[in-house]
Amino acid sequence: MTAIQDADPRPRGTRLPRLARRTQLLGAAQEVFVKQGYHAAAMDDIAECAGVSKPVLYQHFPGKLELYLALLDQHCEALFAAVRRALESTHDNKLRVAATVDAYFAFVDDDGGAFRLVFESDLTNESAVRERVERVSEMCADAVSKIIAEDTGLGQEESMLLAIGLTGMAQVTARYWIARGATIPRDAASQLVSSLSWRGISRFPRKDDPPH
């Protein structure tokens, strides 16, 4: 006579393909890290938020730092891609400046708060985190500097310095705007900052302009 096995009383979550599960876990981790910060967050919190067991979480990420770095990589790549799209969206430099500034405002305006992991991390004493944040800032500035050098004929160092100024202004003002409750509509806030940036950078003559 075949024995009847007791039903497992524990609820089982839907089995997801590996990539889908990883995406789900990253989303849960982002929610927890943004809300609690790295140091206060626990893998238990992330597993609970994702609705999975800790062993499932550890199947995908060996530890909290690796999970954090995976998130950081994802959002650093997203920021750089947004800046690159902005620069490639037009050959009109005034519009390029506006699009680049708005890329930063859009990044901080995302509901998930990913910008806090990139620009306001409580883990910058960790070299792997610091290196990633510094690298994406440099990559964005480098992309801007190439256009400045191409259009003005300025040297690489001078162009990079100006690009650091432009991207730094966009990042800091966007974070200030969101921290103050985004009381100015995003389009208007972004336009204010891009107007200021353009007033400065447009003073540099294009290298193909005739001398006055």
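Residues numbered from 1 in each chain as written. Predicted model: local features only at pLDDT ≥ 70, side-chain atom pairs only at ≥ 80, totals over all residues. Heavy atoms only, no water.

### Quick look at the overall build of the chain
If you tally the helices and strands in the chain, you get nine helices and zero strands. Whereas a compact globule of 212 residues would reach a radius of gyration of roughly 17 Å, the chain reaches 22 Å, over 25% beyond that. Each principal axis of the C-alpha distribution contributes one length, and for the chain these read about 100 × 35 × 35 Å. Counting across all 212 residues of the chain, residues that qualify as buried make up 40%. Just so you have it, the chain exposes about 12,900 Å², and 54% of that area is on carbon and sulfur atoms. Separation between the mean location of the 25 positive side-chain charges and that of the 29 negative ones in the chain comes to 2 Å. (Helix = DSSP H or I, 4+ residues; strand = E, 2+ residues; numbered from the N terminus. Rg over C-alpha atoms; globule rule 2.2 N^0.38 Å. Buried < 20%, exposed > 50% of the residue type's maximum accessible area, 1.4 Å probe, protein only. Areas by Shrake-Rupley, 256 points an atom, 1.4 Å probe, with all protein chains shown as cover. Lys, Arg positive; Asp, Glu negative; His and termini not counted. Charge placed at Lys NZ, Arg CZ, Asp CG, Glu CD.)

### Remarks on the domain arrangement of the chain
Each assigned domain of the chain is listed here: domain 1 (16-62) and domain 2 (68-200). One C-alpha centre belongs to domain 1, the other to domain 2; they are set 28 Å apart. With 10 residues of domain 1 at the contact, the number on the domain 2 side is 12 residues. When the area that domain 1 buries against domain 2 is broken down by residue, the three leading residues are Gln 30, Val 34 and Tyr 38, summing to 53%. For the interface between domain 1 and domain 2, the tally reads zero salt bridges. Our count for the contact surface shared by domain 1 and domain 2 stands at four residue pairs in polar contact (both at pLDDT 80 or more). The residue inventory of the side of domain 1 that touches domain 2, partitioned by class, reads six nonpolar, three polar and one charged. (Domains from an automatic or database assignment. Contact = heavy atoms within 4.5 Å. Buried area = accessible area lost by both parts, 1.4 Å probe. Salt bridge = Lys/Arg side-chain N within 4 Å of Asp/Glu carboxyl O. Polar contact = N/O pair within 3.5 Å; in protein donor to acceptor, adjacent residues only side chain to side chain. Nonpolar A, V, L, I, M, F, W, Y, C, P; charged D, E, K, R; others polar.)

### A closer look at helix α1 (residues 18-36)
Helix length check: α1, at 19 residues, gives a terminal C-alpha distance of 27 Å against a target of 27 Å (1.5 Å per residue), a fit within 8%. Elements in contact with the buried residues of α1: α2 (43-50), α3 (54-60), α4 (64-88) and α6 (115-119). Looking one or two places after α1, you find Gly 37, whose phi comes out positive at around 85°. (Expected span 1.5 Å × (residues − 1).)

### Here's the deal with the UniProt feature "DNA-binding region" (unreviewed entry) in the chain
As annotated by UniProt and renumbered to match this structure, "DNA-binding region" (unreviewed entry) occupies residues 42-61. Secondary structure across residues 42-61 divides into 75% helix and 0% strand, with the first and last C-alpha atoms of the span separated by 13 Å. (UniProt positions renumbered as here; feature names shortened; annotations may be inferred.)

### A look at the nonpolar core
Residues Phe 33, Ile 46, Leu 57, Leu 67, Leu 79 and Tyr 104 are the most contacted members of the largest nonpolar core, which totals 60 residues. Those elements that place two or more of their residues in this core are α1, α2, α4, α5 (93-109), α6, α7 (127-152), α8 (156-179) and α9 (186-201). Here this core gets 13 residues from one element, more than from any other, and that element is α4. When residues are assigned to domains, this core turns out to be shared by domain 1 (16-62) and domain 2 (68-200), each giving three or more. (Core = buried A, V, L, I, M, F, W, Y, C linked by side-chain atoms within 4.5 Å.)

### Examining the packing of aromatic side chains
Enumeration according to the criterion identifies five aromatic pairs in this entry. Here the aromatic rings of Phe 33 and Tyr 38 are separated by 5.8 Å at their centres, their planes lie at 20°, and the arrangement is stacked. Measuring from ring centre to ring centre gives 5.4 Å for Phe 105 and Trp 177, while their planes differ by 55°; the resulting arrangement is tilted. In this pair, Phe 105 is assigned in helix α5 and Trp 177 in helix α8, connecting sequence segments 72 residues apart. Using a relative accessible area of 1% as the deciding quantity, one classes Phe 105 as buried. Judged by its relative accessible area of 8%, Trp 177 is buried. An aromatic cluster of at least three residues, connected via ring pairs, comprises Phe 33, Tyr 38 and Tyr 68. (Phe/Tyr/Trp six-rings, centres within 6.5 Å; stacked < 30°, edge-to-face > 60°.)

### Comments concerning the state of the cysteines
Per the stated rule, a full pass over the model turns up zero disulfides. Looking at Cys 76, it has no disulfide partner, and the nearest cysteine sulfur is the one in Cys 140, 8.6 Å off. (Disulfide = S-S within 2.5 Å.)

### Re unusual backbone geometry
Leave glycine aside and you will find that most residues have negative phi; peptide bonds, for their part, are mostly trans. The phi angle at Ala 182 is positive, at roughly 50°, despite the residue not being glycine. Structurally, Ala 182 can be placed in the loop between α8 and α9. Note on Ala 182: relative accessible area 27%, which makes it partly exposed.

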